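Remarks on the overall topology
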Amino acid sequence: MLKKGNKLYSILTGSCPRCHKESMYVDKNPYHMGKIFEMHDRCGHCDLKYKIEPSFFYGAMYVSYAVGIAFAVAAFVIANLFLGASLITTFIAIIGTLVVFMPVIMRISRNIWINMFVKYDAKATLHNTSR
Ligand SMILES: [Zn+2]
């Protein structure tokens, strides 16, 4: 279902938004907190520069609000509607979800953000770039 060439693939795996061939991140696991924002400068396969401009990824903060709300809504639906938890328990579940998934939310936000600017290009390689 999730194939290279689909933006969701890059967003969920953190792979290069242009060629989808390698991870943008030095450490793929977002729960290695010390390295959560450590990214390669360029894609080793297609030479895409990830940081398109200085402080490019500050914009990802806006995306992270939306992604955070999506996780909060999901936590609400599961806790309150499916499990029938009380409002206070639901509230705690939402906070817990946001804390536990924060590294994932921050990574996904960056991935969505860069995918808004970079299109997938199956033919992108080191020697065939259009920049
Ligand atoms: Zn690439």
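Look up a bit, the structure's there.
Residues numbered from 1 in each chain as written. Predicted model: local features only at pLDDT ≥ 70, side-chain atom pairs only at ≥ 80, totals over all residues. Heavy atoms only, no water.

What about the side chain of D27?
For the record, the criterion: Elements are defined by DSSP. Helices are runs of H or I of four residues or more, strands are runs of E of two residues or more, and each kind is numbered from the N terminus. Three exposure classes are used, based on accessible area relative to the maximum for each residue type with a 1.4 Å probe and protein chains only: buried under 20%, partly exposed in between, and exposed over 50%. The convention is simple: Lys and Arg are positive, Asp and Glu are negative, and His and the chain ends are not counted. Salt bridges are counted wherever a side-chain nitrogen of Lys or Arg sits within 4 Å of a carboxyl oxygen of Asp or Glu. Within 3.5 Å is the distance limit for a polar contact, defined as a pair of N or O atoms, with the added protein rule that one can donate a hydrogen and the other accept it, and that residues adjacent in sequence qualify only through two side-chain atoms.
Tracing the chain through its elements places D27 in the loop between helix 1 (7-13) and helix 2 (60-82). K35 provides the closest opposite charge to the buried, unpaired D27, separated from it by 4.9 Å. Looking at D27, its side chain comes within polar contact range of the side chain of H32, at 2.6 Å.

A word on the coordination of the zinc ion
Note the following rule: Any N, O or S atom lying within 2.8 Å of the metal counts as a donor, and for Na, K and Ca the limit rises to 3.2 Å; water is left out, so some sites can look incomplete. Only two sets of limits are used to name each site, 85 to 135 degrees for every angle of a tetrahedral four-donor site, and over 155 degrees for opposite donors with all other angles from 65 to 115 for a square planar four-donor or octahedral six-donor site, with any other site named irregular.
Protein coordination at the zinc ion comes from C16 (SG), C19 (SG), C43 (SG) and C46 (SG), with a distance range of 2.2 to 2.4 Å. Angles of 104 to 115° at the metal separate the four donor atoms of the zinc ion, which places the site in the tetrahedral class. Here the donor residues for the zinc ion map to a single chain with the spacing C-x2-C-x23-C-x2-C. Pair noted here: C19 is in the loop between helix 1 and helix 2 and C46 is in the loop between helix 1 and helix 2, with a separation of 27 residues, a long-range link. The same class applies to C19 and to C46, which are both buried.

Concerning the packing of aromatic side chains
Selection criterion: Note on aromatic contacts: the rings of Phe and Tyr and the six-membered ring of Trp form a pair at centre separations within 6.5 Å, being stacked when their planes are under 30 degrees apart, edge-to-face when over 60 apart, and tilted otherwise.
Scanning the entire structure with this criterion turns up five aromatic pairs. The interplanar angle of 75° and the centroid separation of 4.9 Å between the aromatic rings of F56 and F57 together place this pair among those described as edge-to-face. This pair shows no difference in class: F56 is buried, exactly as F57 is. Relative to F101, the ring of F71 has its centre 5.3 Å away and its plane inclined at 40°; by these criteria the two rings are tilted. On the criterion of sequence distance, the pair formed by F71 in helix 2 and F101 in helix 3 (residues 87-115) is long-range, its members being 30 residues apart.

Overview of helix 2
The line we're drawing: Expected helix span is computed as 1.5 Å times (number of residues minus one). Between two residues, a contact is recorded if the distance between any of their heavy atoms is within 4.5 Å.
Given a rise of 1.5 Å per residue, 23 residues ought to cover 33 Å, and the 31 Å separating the end C-alpha atoms of helix 2 matches this to within 8%. Listed as buried for helix 2 are A60, V63, V67, G68, A72, A75, A79 and N80. For helix 2, the elements touching its buried residues are helix 3.

Overview of the packing of helix 2 against helix 3
As a reminder of what qualifies: Angles shown run from 0 to 180 degrees and are taken between the N-to-C directions of axes, each axis being a line fitted to C-alpha atoms and, for helices, limited to the stretch in contact. Crossing chirality is assigned from the near helix's rotation relative to the far helix, an anticlockwise turn below a right angle marking it left-handed and a clockwise turn marking it right-handed.
Direction vectors running N to C along helix 2 and helix 3 enclose 145°, while the axes themselves pass 7 Å from each other. Between helix 2 and helix 3 lies a crossing whose hand is right-handed.

Brief notes about the pattern of salt bridges
Counted according to the given criterion, the structure contains one salt bridge. One salt bridge in this structure joins R42 and D47, with 3.7 Å as the shortest N-O distance. Since its relative accessible area comes to 35%, R42 is described here as partly exposed. For D47, a relative accessible area of 21% translates into the label partly exposed.

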